[in-house]
Amino acid sequence: MRDRHQRAIALVFAVHGAVAGTIATRMPWFQDHFGLSTTALGLILLCPPVGSFLTMPVTARLAYRFGARATTRALLALWSVSLALPVLAPGPLWLVPVFLLSGAAAGMCDLAMNAQGVLVERRLGRSVMSGLHGMWSVGNLVGAGLGAAAAQADLDARAHLPLMAAALIAAGVVGSRALLDDRPAPEEKPPPRFALPPRTVLLIGLIGFFATFAERASGQWAAIYLTNVAGAGAGVAAAGYTVFTACMVAMRLGGDFVVRRLGPVATVRAGAAAAVLGGVIVVAFRTPAPVIAGFALFGTGIAVVVPLVFAAAGQIARTPAEGVAGVATITWMSGLVAPSVTGWLAGAFAFPFAFALVTCMVGAMIWPARALRPRPAPAARVPVGAACAD
């Protein structure tokens, strides 16, 4: 049976994913409502990752000042509130600060909830992080599905987004009451106000960089690869992306079982080997069926790597928030550059060449995977699980 703290943080992950899925489905409405060109919308969509990147390093300080539970709940509420803010913008220029704020809330909440996941793993003594990331994907799919239904029903985003924001705020507030707290000892030195990745997590961050790059490159370009290289039609190309995503979600939901049997090091190495095989298939074949199978194997292989990276970094650092913040800064940077770098390589050389390099990056995770070996948790803090309701 699941621990109530595990259920609480699983709900937080699902709510976070639902906000992301909801806003993604209404981008056509924003483009039409504000009269944005594709270029202008693309520039505005750079604001969320920039906002995240600039503010994530302060999350550890917030958790130190206000406690892990209060910080997570407040940031989740802010991220949910940000869902309704774009529809209030009086003009397109106002979308820039709105999406900067939205990205800041998303990134900081992402760090806080992953740090919570580390606390739950410490308390239970077993892996749960992969399943938590799987719950994010489930929430994302639910939010996207409801958003697609709202758009199909021609429900104005000015009604849809505030309603979803209110529902998700309520779900987050009620469901997160059982989050663990993590209070500093009186003599504990506070983390820096702007925490850069410490040297202790750089090797772990490198693994996260490679995995995130592969995930974002594949997610962005899989359908186009199938169209341009494998000669797939629009429907088959879309199905290929769906298969890739579904394999990642399924593996994340079941990944903790694998990690408990094999351990994180063997799991990442086996996953990397499977992903390399999938990448070789993608690069070698020129018909849709084997290429889709290759992407499925690729997604399955890399699915649990990022959750394990967050878990390892949270265990090795002085506090979970500091460790997660360090690797998240690296992985978010990777996610920011991966789609454009892959596209540039495909344009300058060829799509198979670009994905051959991505496959090599995945293979390069095999050696540094040893950095994910479990280590004793620091004894500076003890998660507080007794007072779980406000």
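Here the structure is shown first, and the text comes after it.
Computed from a predicted model, the values in this text were never measured in an experiment. (Residues numbered from 1 in each chain as written. Predicted model: local features only at pLDDT ≥ 70, side-chain atom pairs only at ≥ 80, totals over all residues. Heavy atoms only, no water.)

**Regarding the layout of surface pockets**
Then, in step 1: The calculated volume of the largest pocket comes to roughly 2100 Å³.
Then, in step 2: Contributing to the lining of the largest pocket are 50 residues, with Ala20, Trp136, Asn140, Glu215 and Arg216 lying nearest its centre.
Then, in step 3: Its residues placed into classes, the lining of the largest pocket shows 28 nonpolar, 18 polar and 4 charged.
Then, in step 4: What lines the second largest pocket is a set of 19 residues, among which Glu121, Pro264, Ala311, Gln315 and Pro374 lie closest to the centre.
Then, in step 5: Breaking the lining of the second largest pocket down by element, the ones donating at least two residues are helix 7 (95-124), helix 11 (234-262) and helix 14 (305-316).
Then, in step 6: No other element matches helix 14, which puts 5 residues into the lining of the second largest pocket.
Then, in step 7: Tallied by class, residues from the lining of the second largest pocket come to 9 nonpolar, 4 polar and 6 charged. (1 Å grid on protein atoms, 1.4 Å probe; cavity = no way out; pocket = protein on both sides within 12 Å on 5 of 7 lines; lining within 4 Å. Points joined across faces, edges and corners; volume = space filled by probe spheres on them. Nonpolar A, V, L, I, M, F, W, Y, C, P; charged D, E, K, R; others polar. Helix = DSSP H or I, 4+ residues; strand = E, 2+ residues; numbered from the N terminus.)

**Regarding helix 9 (residues 157-175)**
Then, in step 1: With 19 residues, helix 9 ought to run about 27 Å at 1.5 Å a step, and its terminal C-alpha atoms sit 26 Å apart, in line with that.
Then, in step 2: Where helix 9 is buried, its residues meet helix 1 (4-25), helix 2 (27-34), helix 6 (68-81) and helix 8 (129-152).
Then, in step 3: A distance of 2.7 Å separates the backbone nitrogen of Arg158 from a side-chain oxygen at the start of helix 9, and that oxygen is part of Asp156. (Expected span 1.5 Å × (residues − 1). Contact = heavy atoms within 4.5 Å. Polar contact = N/O pair within 3.5 Å; in protein donor to acceptor, adjacent residues only side chain to side chain.)

**Quick notes on unusual backbone geometry**
Then, in step 1: The backbone phi angle of Asp154 is positive, close to 60 degrees, even though this residue is not glycine.
Then, in step 2: Looking at the element boundaries, Asp154 is found in the loop between helix 8 and helix 9.
Then, in step 3: By relative accessible area, Asp154 is classed as exposed at 70%. (Buried < 20%, exposed > 50% of the residue type's maximum accessible area, 1.4 Å probe, protein only.)

**Notes on empty space enclosed by the protein**
Then, in step 1: All told, the structure shown has 3 cavities of 30 Å³ or more when counted by the stated rule.
Then, in step 2: Considering only enclosed or pocket space, the largest cavity measures out at about 90 Å³ in volume.
Then, in step 3: Lining the largest cavity are 13 residues, with Ala63, Ala68, Ala112, Ala115 and Ala321 sitting closest to its centre.
Then, in step 4: Secondary structure elements with two or more residues in the lining of the largest cavity: helix 5 (59-66), helix 6, helix 7 and helix 15 (320-348).
Then, in step 5: Here the lining of the largest cavity takes 4 residues from helix 7, the largest share from any one element.
Then, in step 6: Partitioning the lining of the largest cavity into residue classes produces 7 nonpolar, 4 polar and 2 charged.

**Here we look at the pattern of salt bridges**
Then, in step 1: Here the structure, examined in full by the defined rule, presents 3 salt bridges.
Then, in step 2: One salt bridge connects Glu215 with Arg252, and the closest N-O pair in it is separated by 3.2 Å. Taken together, the residues Glu215 in helix 10 (residues 202-228) and Arg252 in helix 11 connect sequence positions 37 residues apart. (Salt bridge = Lys/Arg side-chain N within 4 Å of Asp/Glu carboxyl O.)

**Looking at the packing of aromatic side chains**
Then, in step 1: Applying the stated criterion to the full structure yields 13 aromatic pairs.
Then, in step 2: For the ring pair Trp221 and Phe351, a centre distance of 5.7 Å and an interplane angle of 55 degrees mean the geometry is tilted. Placement of Trp221 in helix 10 and of Phe351 in helix 16 (residues 351-363) is noted, with a sequence separation of 130 residues between them.
Then, in step 3: The exposure class assigned to Trp221 is buried, which follows from its relative accessible area of 19%.
Then, in step 4: Residue Phe351 is classed as buried on the basis of its relative accessible area, which comes to 11%.
Then, in step 5: Relative to Phe295, the ring of Tyr225 has its centre 5.9 Å away and its plane inclined at 85 degrees; by these criteria the two rings are edge-to-face. In this pair, Tyr225 is assigned in helix 10 and Phe295 in helix 13 (residues 288-302), connecting sequence segments 70 residues apart. Each of the two residues, Tyr225 as well as Phe295, counts as buried. (Phe/Tyr/Trp six-rings, centres within 6.5 Å; stacked < 30°, edge-to-face > 60°.)

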